[in-house]
Structures are given as structure tokens and as C-alpha cells.
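Next come the chains, spelled out residue by residue.
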Amino acid sequence: MALPTSEGAGDDRLTGLAPIFDARVRLLILGSFPSPASLAAQQYYGHRQNHFWRLVGEILGEPLFELPYPERTARVLERGIGIWDVYQACIRPGALDADIRAGEVNDFAGLGARAPGLRRVCFNGQTAGRFAPQLARLGLETCVLPSSSPAYTLPFAAKLARWRAALEPVVFMSVL
């Protein structure tokens, strides 16, 4: 399931964050790997300029960006949304996905057992989206979204429209 990785992992190896995930998750958003700001804060999408919390907040109708991080994570879980990354560890100088080296992929094989209602995996950007075929082979719907990073210069309204189209059908579906 892993993509080929580079050899020579050394002292510069970074370890990612634990998933925000529980049995209620119906939709999982996978990024590539946390930015230096996110790692320092120990928060997904911890850089204030990243659009992630604004995008998801707009879709849910909640002011996620203004809330303390523990409340943000509780609210997305209450709505059936999980957050994780494709890489559990890597070497990456700086914050650019293009600089990720020696990536160790998270183990996604047990997702269905951990969250039986998981239906869709949305990938936050093209780097994470390279893993869509692997998750599709697990029987999950997949969708590659425009990156929430401010480095991806698509206007916010255009990002929001694409994110809304991918998230709303799963987040607002009836739970039997």
C-alpha cells in the first residue's frame, strides 16, 4: 500500500500527528504531512493562514477557526469528520509538500473496522491525492480537493465550492 520511499532517513526525520478519528467518522480528510507550524502547535492545520478550518467551518455553519483547538476537533468528530495525513513520518526541510522525502505511509488497512460508517476519503491537495487509488481499493469513495494551503492560490470561494460539493453529501446524509 505504501509508495516507494527514499533511503537514508536520519536525524531530520519528523513524526506526524495522531489522527482525529473515532467510530462515528463517515468522512476522512487526509492531508500530506503537518507543516512546521502545525507540528510546533501539535494541531492539524495550525498555520493561521491555512484555509482548512475556515473551509470546514463554512460547510458546517460553525465558527471553527475562532474556537480553541480541542473544541474544533470535538465538533468535527461530532459531525462525522475525521482528520489525518497520508504520511506518519518523513524528512521535509520547510513546509512544501514537494520537499517530502523518505515518507512512511500511515496504515489505512484497518479504517473500516475502526469506523464502520466511513464512506468517503477526501484528500487535501494533490500530494495526498496520490494515495486515492489505494484507499479506493479498500472500497471507499475518494475525492481529491484543492489544497487548503495559502500557497495554492485558487481563490477561497472556488476552494469552498469544491470542498462543499465533496463534503456536504456525506456530512449531512441521514444517519440510520
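K.L.:
What exactly am I supposed to notice about the overall build of the protein here?
P.N.:
Scanning the protein from N- to C-terminus turns up seven helices and seven strands. Against the 2.2 N^0.38 benchmark of 16 Å for 176 residues, the protein shows a C-alpha radius of gyration of 15 Å, consistent with a compact globule. In terms of principal-axis extent, the alpha carbons of the protein reach across some 50 × 35 × 30 Å. Taking all 176 residues of the protein together, the buried fraction comes to 47%. Excluding contacts between residues fewer than 6 apart, the proportion of contacts in the protein whose partners are at least 24 apart in sequence is 63%. A total accessible area of about 8500 Å² is found for the protein, and carbon and sulfur atoms account for 53% of it.

K.L.:
Would you mind going over the packing of helix 2 (residues 52-60) against helix 3 (residues 69-78) with me for this structure?
P.N.:
In a pair of packed helices, the angle between the axes and the distance between the axes together describe the arrangement. Contact pair helix 2 / helix 3: the axes reach a minimum separation of 12 Å and the direction vectors enclose 50°. Relative to helix 3, the element helix 2 is oriented oblique. In this structure, helix 2 meets helix 3 at a crossing whose hand is left-handed. Note on element contacts: helix 3 touches helix 2 through Tyr-69, Arg-72, Thr-73 and Val-76, opposite Trp-53, Val-56 and Leu-60.

K.L.:
What's the story with the packing of aromatic side chains in this structure? I'm lost.
P.N.:
Remark: the centre distance and the inter-plane angle together describe each pair of aromatic rings, the angle taken between the planes. Enumeration over the complete set of coordinates arrives at seven aromatic pairs. For the pair Tyr-44 and Tyr-45, a centre-to-centre distance of 6.4 Å together with 35° between the ring planes defines the contact as tilted. Consider the rings of Tyr-45 and Phe-52, whose centres lie 4.0 Å apart with planes at 15°: the pair is stacked. Residue classification places Phe-52 among the buried positions, given a relative accessible area of 0%. Above the plane of the ring of Phe-65 lies Arg-54, whose end atom (NZ or CZ) is 3.7 Å from the centre.

What counts and what doesn't
Residues numbered from 1 in each chain as written. Predicted model: local features only at pLDDT ≥ 70, side-chain atom pairs only at ≥ 80, totals over all residues. Heavy atoms only, no water. Helix = DSSP H or I, 4+ residues; strand = E, 2+ residues; numbered from the N terminus. Rg over C-alpha atoms; globule rule 2.2 N^0.38 Å. Buried < 20%, exposed > 50% of the residue type's maximum accessible area, 1.4 Å probe, protein only. Contact = heavy atoms within 4.5 Å. Areas by Shrake-Rupley, 256 points an atom, 1.4 Å probe, with all protein chains shown as cover. Axes fitted to C-alpha atoms, helices over the stretch in contact; angles between N-to-C directions. Parallel < 35°, antiparallel > 145°, perpendicular 65-115°, else oblique. Left-handed = near helix turned anticlockwise from the far one by under 90°. Phe/Tyr/Trp six-rings, centres within 6.5 Å; stacked < 30°, edge-to-face > 60°. Lys NZ or Arg CZ within 6 Å of the ring centre and 35° of its normal.

Function cannot be read off these values alone, since they describe shape.
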